[in-house]
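# Structural characterization, general
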Amino acid sequence: MSKGTLFDKVWDLHTVGTLASGQTQLFIGLHLIHEVTSPQAFAMIRERGLKVLFPERTVATVDHIVPTENQARPFADTLAEEMMQALEKSCQEHQITFYNVGSGRQGIVHAIAPELGLTQPGMTIACGDSHTSTHGAFGAIAFGIGTSQVRDVLASQTLALSKLKVRRIEVDGTLRPGVYAKDVILHIIRKLGVKGGVGYAYEYAGSTFEQMSMEERMTVCNMSIEGGARCGYINPDRVTYDYLKDREFAPQGDDWEKAVTWWDNIRSDADAEYDDVVVFDAAEIPPTVTWGITPGQGIGVDESIPTPDSLPDSERAIAEEAYRYMKLQPGDPIKGTKVDVCFIGSCTNGRLSDLREAAKFAKGRQVYQGIKAFIVPASEQIKKEAEAEGLDKIFVEAGFEWRNPGCSMCLAMNPDKLQGDQISASSSNRNFKGRQGSSEGRTLLMSPAMVVAAAVNGKVSDVRELLP
């Protein structure tokens, strides 16, 4: 095995060959599919008379188009029902495991693969979804891919990819109360830029990430793509192994100890060389909120919206566009910005620990009059566990709606959409124009705890003021 970074080791172990283009033909250990990018890919392999090469390495679920209120079939949205039927038919035809609604295992693809133990260190993982980098939290190299690449993986179990450089992002120290994994990644993207990671894999390292739970690590790796990186990962350690042990698809018995030994070996070596190293101090990271139309346009909750003259020349045009679209004034404080909708969910922040933390701040408080606030667990399993703990009751008593699992208002390819120019406090991952279902809708990204603070105050608020 090559000495160096985890990225280099995993890449080399999965290299099938070098193509005439100079790209690597990379074997993909796990292919995750859902209803949005797979129907066309299946149609393409059908047209060529091809089969799915390794159906046992492909796992399907449904997440983007699933309604979170009424899930009765057929879905009210005819296009959503067509996509659902197409996926059901393709999985049956090619003997692919499909976790459908009501199976107890359905949910957002990046939530169910880890909770089932399908995601493991040292794997290559691909999915036709931008936020596949989530799985890097386990020390896997995971790529979001396009529809034609979904076709390639179905037909050949390989991808043609150019090898990336590796940037080590080191964060050391303890996060202050009210600061979460979401704030860490928003801060990194703010500092390095939305294009800062182009051509790179991000290796997150340092004591701050070592102290994080697996779910917090997933939040960080999830948004690597928003910083321009092709993937992001954290070296596997005892936290990783404790999370995976005894999960359904994790190695069992004697195979478990062998797996842990191998996983330890694929960690980046102490003397590994990186193409770039960036260091941050955890104590300097504040609760962070986006004010603009890219995840890089973020500021601390105590800061004001930047003025054009405070920005580098390269950022002024997108800032001017953001002021206009967001209807926010440069120089104004972000704190106190009125909100209309508060959404907790998504593959970034819809896991059990996110819901537990949000519930701490919702307990004994009330959603501000006129605010629509709702909670969407990321999977059926998370929903069940949250209900067993009584989290649903805490939220409902506080005035939040408690929904069924799905992507919901992250991408809004379902009935959960903003109306007109409503402004949303969202725990999701993208604040692009129109992202949450309205061409004028405005999105402020923040941690789930910060979303609760906004919901109970009716405006962007500092969650630290709600700390006991």
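What you see is a predicted model; the values in this text were computed from it and never measured.

Attention shifts here to the state of the cysteines. Two cysteines, two sulfur atoms, one covalent bond between them: this is a disulfide. Enumeration according to the criterion identifies zero disulfides in this entry. Cysteine C91 remains unbridged, with the sulfur of C127 as its closest cysteine sulfur at 12 Å. Lacking any disulfide linkage, C221 is separated from the closest cysteine sulfur, that of C231, by 9.2 Å. Residue classification places C221 among the buried residues on the basis of a relative accessible area of 0%.

Turning our eyes to something else, we now look at helix α10 (residues 254–266). The end-to-end C-alpha distance of α10, which contains 13 residues, comes to 19 Å, matching closely the 18 Å that a straight helix rising 1.5 Å per residue would cover. What α10 keeps buried is the set W256, A259, V260, W263 and I266. Down the axis of α10, the sector holding all buried residues measures 125°, keeping them to one side. Opposite the packed face of α10, turned more than 90 degrees from it, sit the exposed residues D254, E257 and K258. In this fold, the buried residues of α10 make contact with α1 (6–13) and α9 (238–244).

Split into domains, the chain comes out as domain 1 (6–163 + 235–265) and domain 2 (288–466). In this structure, domain 1 and domain 2 have C-alpha centres spaced 28 Å apart. The interface is formed by 27 residues belonging to domain 1 together with 24 residues belonging to domain 2. Carbon and sulfur atoms make up 53% of the surface buried where domain 1 meets domain 2, a total of about 2000 Å² over both sides. Three residues, H64, T68 and I108, lead the burial of domain 1 against domain 2; their summed loss comes to 33% of the area buried on that side. Inspection of the region where domain 1 meets domain 2 yields one salt bridge. E69 is paired through a salt bridge with R403; the nearest N and O atoms lie 3.9 Å apart. Among the elements that line the side of domain 1 that touches domain 2, the one with the most residues is helix α4 (residues 109–115), at four residues. Residue composition of the side of domain 1 that touches domain 2, grouped by class: nine nonpolar, 13 polar and five charged.

Under the counting rule described, the total for this entry stands at 12 aromatic pairs. Note on W256 and W263: the rings are 5.5 Å apart at their centroids and 85° apart in plane angle, and the pair reads as edge-to-face. The two residues W256 and W263 agree in class, both being buried. Measuring from centroid to centroid gives 5.6 Å for F395 and F400, while their planes differ by 70°, and the two rings are edge-to-face. For F395, a relative accessible area of 0% translates into the label buried.

What follows covers the packing of helix α13 (residues 352–362) against helix α16 (residues 448–457). Where α13 meets α16, the axes come as close as 8 Å, and the angle between the chain directions of the two elements is 30°. Classified by the angle their axes make, α13 and α16 are roughly parallel. For the element pair α13 and α16, the recorded crossing hand is right-handed. Across the interface between the two elements, D354, A358, F361 and A362 of α13 pack against P448, A449 and V452 of α16. Each residue belonging to the contact of α13 with α16 can be placed in one class, and the counts come to six nonpolar, no polar and one charged.

So, on to the sheet that holds strand β9 (residues 165–172). Read from one edge to the other, the open sheet built from four strands follows the order β11-β10-β9-β12, with strand pairing classed as parallel. Pairing within the sheet leaves two strands with one partner each, and these edge strands are β11 (231–233) and β12 (276–281). Adjacent strand axes in the sheet meet at a mean angle of 20°, parallel and antiparallel pairs treated alike. As judged from the six bridges shared by β9 and β12, these two strands associate in the parallel manner. Within β12, the residue paired with V171 across the bridge is F280. Along the sheet, α1 makes contact with β9, β10 (200–205) and β11, crossing β11 at roughly 115°. With respect to the sheet, helix α6 (residues 181–192) is in contact with β9, β10 and β12, its orientation differing from that of β12 by roughly 125°.

Rules behind the numbers
- Residues numbered from 1 in each chain as written.
- Predicted model: local features only at pLDDT ≥ 70, side-chain atom pairs only at ≥ 80, totals over all residues.
- Heavy atoms only, no water.
- Disulfide = S-S within 2.5 Å.
- Buried < 20%, exposed > 50% of the residue type's maximum accessible area, 1.4 Å probe, protein only.
- Helix = DSSP H or I, 4+ residues; strand = E, 2+ residues; numbered from the N terminus.
- Expected span 1.5 Å × (residues − 1).
- Arc of directions from axis to C-beta.
- Contact = heavy atoms within 4.5 Å.
- Domains from an automatic or database assignment.
- Buried area = accessible area lost by both parts, 1.4 Å probe.
- Salt bridge = Lys/Arg side-chain N within 4 Å of Asp/Glu carboxyl O.
- Nonpolar A, V, L, I, M, F, W, Y, C, P; charged D, E, K, R; others polar.
- Phe/Tyr/Trp six-rings, centres within 6.5 Å; stacked < 30°, edge-to-face > 60°.
- Axes fitted to C-alpha atoms, helices over the stretch in contact; angles between N-to-C directions.
- Parallel < 35°, antiparallel > 145°, perpendicular 65-115°, else oblique.
- Left-handed = near helix turned anticlockwise from the far one by under 90°.
- Pairing = 2+ DSSP bridges.

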